[in-house]
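Each chain, written out:
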Amino acid sequence: MEFLLQNLAESLMVLGAIALIIEVAVLGFSTFVLFFFGLSLLITGGLMTAGILPDNGSAAFWSNAVLTALLSLALWKPLKAAQSKTDEKQVKTDFADHSFVLESDVDIKGETLYQYSGISWKLKSLQPLEKGTHVYISKIEVGVLWVDAVAG
């Protein structure tokens, strides 16, 4: 313990790096709490190394408390916005080239089932399609194949 207090600035920076690693590698950058705390530890350690802050426990405590609060206020919304961005692009799969003939009528209700690749899929279509229509898979959702009639 004495070694940590004698080397307080370096100890704070090592603890800050550990907090950042845990936040990113273990928690997947999901909580931000350790991120703000780790950054404040690194900044405090840097300020102590530069001689701007005194090298004692009281200064370390108050500096971390204030910096964690300020970093939280400044970075919370931008980080939350960056984290909530999603990609809505459709993924191309092996299903994209699959076409077949309907064995029963299909509509938007999804009451028709189709056995493909060992799975019973619900079939849906924006336009009602009759039994015997040649269709292709236009969109895939969890448990649902959206189909359209093959032109021609």
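Just so you know, the residues in each chain are numbered from 1, in the order the chain's sequence is written. Note on the predicted model: pLDDT of at least 70 is required for a residue's local features to be given, and 80 or more for side-chain atom pairs to be given and counted; whole-chain, interface and lining totals, by contrast, use all residues. Excluded from the side-chain calculations are hydrogens and water; all other atoms, namely the structure's heavy atoms, are used.

Topic: the overall build of the protein chain
Moving on, step 1. Summing up its helical and strand segments, the protein chain has four helices and five strands in all.
Moving on, step 2. Helix numbers and strand numbers start at the N terminus; a helix is a DSSP run of H or I with at least 4 residues, a strand a run of E with at least 2. Counting from the amino terminus, the protein chain carries its helices and strands in the arrangement α-α-α-α-β-β-β-β-β.
Moving on, step 3. Relative to its length of 152 residues, the protein chain is extended, with a C-alpha radius of gyration of 29 Å against a globular reference of 15 Å.
Moving on, step 4. Principal-axis analysis of the C-alpha atoms places the extent of the protein chain at approximately 80 × 30 × 25 Å.
Moving on, step 5. Across the 152 residues that make up the protein chain, the buried fraction comes to 29%.
Moving on, step 6. Here a residue-residue contact requires only that any non-hydrogen atoms of the pair lie within 4.5 Å. Considering only intrachain contacts with a sequence separation of at least 6, the fraction spanning at least 24 residues in the protein chain is 44%.
Moving on, step 7. Entry remark: accessible area of the protein chain is about 10,200 Å², with carbon and sulfur atoms responsible for 64%.
Moving on, step 8. Where the 10 positive side-chain charges of the protein chain centre and where its 15 negative ones centre are 8 Å apart. Our radius of gyration looks at C-alpha atoms and nothing else; its globule reference is 2.2 Å times the residue count to the power 0.38. Burial status follows relative accessibility: with a 1.4 Å probe on protein chains alone, a residue under 20% of its type maximum counts as buried, one over 50% as exposed, and anything between as partly exposed. For the area figures, the Shrake-Rupley method with a 1.4 Å probe applies, and any residue is considered shielded solely by the protein chains shown. Residues scored as charged are limited to Lys and Arg (positive) and Asp and Glu (negative), so that His and the chain ends carry no count. Charge positions come from single atoms, namely NZ of Lys, CZ of Arg, CG of Asp or CD of Glu.

Examining helix 2 (residues 8–26)
Moving on, step 1. Here helix 2 is 19 residues long and its end C-alpha atoms lie 26 Å apart, about the 27 Å a rise of 1.5 Å per residue gives.
Moving on, step 2. Looking only at helix 2, the buried set comprises Leu-8, Ala-9, Ser-11, Leu-12, Gly-16, Ala-19, Leu-20 and Glu-23.
Moving on, step 3. Directly after helix 2, the chain includes Gly-28, whose backbone phi takes a positive value near 65 degrees. Here a helix's expected span is defined as the number of its residues, less one, multiplied by 1.5 Å.

Some remarks on the nonpolar core
Moving on, step 1. Think of a nonpolar core as a cluster: buried Ala, Val, Leu, Ile, Met, Phe, Trp, Tyr and Cys residues, connected wherever their side-chain atoms sit within 4.5 Å. Counting residues in each nonpolar core, the largest one holds eleven residues, listed as Phe-100, Leu-102, Val-106, Tyr-114, Trp-121, Leu-123, Leu-129, Val-135, Ile-137, Leu-145 and Val-147.
Moving on, step 2. Residue assignment for this core shows that the elements contributing at least two residues are strand 3 (119–124), strand 4 (134–141) and strand 5 (144–149).
Moving on, step 3. Ignoring any residue separated from it by four or fewer positions in sequence, one finds Leu-145 in contact with Tyr-114, Trp-121, Lys-122, Leu-123, Lys-124, Ile-137, Lys-139 and Ile-140.
Moving on, step 4. Counting residues in hydrophobic clusters, the runner-up holds seven residues, among them Leu-12, Met-48, Ala-59 and Ala-60.

Digging into unusual backbone geometry
Moving on, step 1. The phi dihedral of Phe-32 is positive, around 70 degrees, even though this residue is not glycine.
Moving on, step 2. Its location among the elements puts Phe-32 in the loop between helix 2 and helix 3 (33–49).
Moving on, step 3. Notably, Ser-117 is not glycine yet its phi reads approximately 60 degrees, a positive angle.
Moving on, step 4. By the element assignment, Ser-117 lies in the loop between strand 2 (112–116) and strand 3.
Moving on, step 5. The exposure class of Ser-117 is exposed, given its relative accessible area of 58%.

Topic: the packing of aromatic side chains
Moving on, step 1. Two rings from Phe, Tyr or Trp (for Trp, the six-membered ring) form a pair when their centres are within 6.5 Å of each other. A pair whose planes differ by under 30 degrees is stacked, one over 60 is edge-to-face, and the rest are tilted. Enumeration over the complete set of coordinates arrives at seven aromatic pairs.
Moving on, step 2. Look at Phe-100 and Tyr-114: their rings are 3.9 Å apart centre to centre, the planes differ by 10 degrees, and that puts the pair in the stacked class. Taken as a pair, Phe-100 in strand 1 (residues 99–101) and Tyr-114 in strand 2 lie far apart in primary sequence, 14 residues in all.
Moving on, step 3. A residue is classified by how much of its surface remains accessible, and Tyr-114, at 14% relative accessible area, is buried.
Moving on, step 4. Centroid distance Tyr-114 to Tyr-116: 6.2 Å. Interplanar angle 15 degrees. Geometry classified as stacked.
Moving on, step 5. When its relative accessible area of 23% is taken as the criterion, Tyr-116 is described as partly exposed.
Moving on, step 6. Site record: aromatic cluster; members linked through ring pairs are Phe-32, Phe-35, Phe-36 and Trp-76.
Moving on, step 7. To sit over a ring, a charge needs its Lys NZ or Arg CZ within 6 Å of the ring centre and within 35 degrees of the ring normal. Cation over ring: Lys-139 sits above Trp-146, and NZ or CZ is 5.7 Å from the ring centre.

Points about the confidence of the model for the protein chain
Moving on, step 1. Taken as a whole, the protein chain shows an average pLDDT of 87; of its residues, 91% reach a score of 70 or greater.
Moving on, step 2. Mean pLDDT values for the elements of the protein chain range from 71 in helix 1 (residues 2–6) up to 93 in helix 3. Residue-level confidence of the predictor is what pLDDT reports, using numbers from 0 through 100.

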